[in-house]
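# Understanding the architecture of this molecule
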Amino acid sequence: MDNRYVFPFPAVLGQDRVKKALLLNVVNPLVGGVLISGEKGTAKSTLVRGLAALTADMEVVELPLNVTEDRLVGSIDLERAIKYGKKSFEPGILKKAHGNILYVDEVNLLSEHIVNCLLEVSASGVNVVEREGISCSHPSRFVLAGTMNPEEGKLRPQFLDRFGLFTEASGTKDLHERMEIIKRRLEYEKDPVKFIKRWEQESCRLKNNILKAREAVGRCRVSEEALKLAAEISAEANCEGQRAELVIAEAARALAALSERIDVTSED
């Protein structure tokens, strides 16, 4: 993806909850990804793609809906292995996704087989490819970002559980905001370079904020009071296991880091 001409992240009007969820994951990948649900035309894909321009060391790697298993996990050249006795591994998308953001548009429409492959790698952080007794593996840890239109079908519970955060994108009812959204989009379509230049200062400010937060998040402390609140929220929601508390705590640490604080509060 050429990030030079992507619609600027801060130029998207509204969708503050979606923006926050994405930023939390960039600052602290331990949050565990985000699923964004909403109708078409609510800037879901625009915001995910705009993230890459705000991070120096993370790309947005897109996963096509029609992806094959070999293209996803990689393939082994059996003929070469048998003939020369050497492993010949052709990396797939999961290799490129390591350390980056793996973006799946219309994630609820993925085939069951591809979903199972993603579930396995997302849980272990390692991609293993086996063919006829020959095995290759490599690390594959990524921030999983998915978007979906709920009208087009639901997501399997097992896959839904792989996203740390869930948020909804909805269109604004405010007439002036709707006019401004169209105005910005028309300006961008007319001259992308000029429009991106106009938002360059705000993008740089946000980029620096993310950089500082990423450096500080490891030092952010979660108080006993905040941990208790996270446990109470999870218990009241009938969450199984302790993954929900961990997600809440990691997201709160990222929030504190973005606010340039070390101590995590109950408000976070």
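Worth saying up front: this structure is predicted, and the values here are computed from it rather than measured. (Residues numbered from 1 in each chain as written. Predicted model: local features only at pLDDT ≥ 70, side-chain atom pairs only at ≥ 80, totals over all residues. Heavy atoms only, no water.)

## Quick look at helix H1 (residues 16-27)
- Compared with an ideal rise of 1.5 Å per residue, which puts 12 residues at 16 Å, H1 spans 16 Å between its outermost C-alpha atoms and is within 8% of the ideal.
- Inspection of H1 places Val-18, Lys-19, Ala-21, Leu-22, Leu-23, Leu-24, Asn-25, Val-26 and Val-27 among the buried residues, and these make up the whole buried set. (Helix = DSSP H or I, 4+ residues; strand = E, 2+ residues; numbered from the N terminus. Expected span 1.5 Å × (residues − 1). Buried < 20%, exposed > 50% of the residue type's maximum accessible area, 1.4 Å probe, protein only.)

## Things to note about the confidence of the model for the protein
- Across the protein, the average pLDDT comes to 89, with 94% of residues at 70 or higher.
- Summarising per-element confidence for the protein, the mean pLDDT is lowest in helix H4 (residues 78-84) (61) and highest in H1 (96). (pLDDT = per-residue confidence, 0-100.)

## As for the packing of aromatic side chains
- Enumeration over the complete set of coordinates arrives at five aromatic pairs.
- Both rings, one in Phe-7 and one in Phe-195, keep their centres 5.2 Å apart while their planes meet at 35°; by these two values the pair is tilted. With Phe-7 in the segment before H1 and Phe-195 in helix H9 (residues 192-198), the pair connects residues that are 188 residues apart, well separated along the chain. Side by side, Phe-7 and Phe-195 carry an identical accessibility label, which is buried.
- With 5.9 Å between their ring centres and 75° between their planes, Tyr-188 and Phe-195 make a pair best called edge-to-face.
- For Tyr-188, a relative accessible area of 11% gives the class buried.
- The exposure class of Phe-195 is buried, given its relative accessible area of 2%.
- The structure contains a cluster of three or more aromatic residues connected by ring pairs, namely Phe-7, Tyr-188, Phe-195 and Trp-199. (Phe/Tyr/Trp six-rings, centres within 6.5 Å; stacked < 30°, edge-to-face > 60°.)

## A few points about the pairing of strand E5 (residues 101-105)
- Of all five residues that make up E5, four are buried, and the element is covered over most of its length.
- As judged from the three bridges shared by strand E2 (residues 60-62) and E5, these two strands associate in the parallel manner. Considered in E5, the bridge of Glu-62 is made with Tyr-103.
- Pairing geometry for E5 and strand E8 (residues 143-148), over five bridges, is parallel. The residue bridging Asp-105 from the neighbouring strand is Thr-147, located in E8. (Pairing = 2+ DSSP bridges.)

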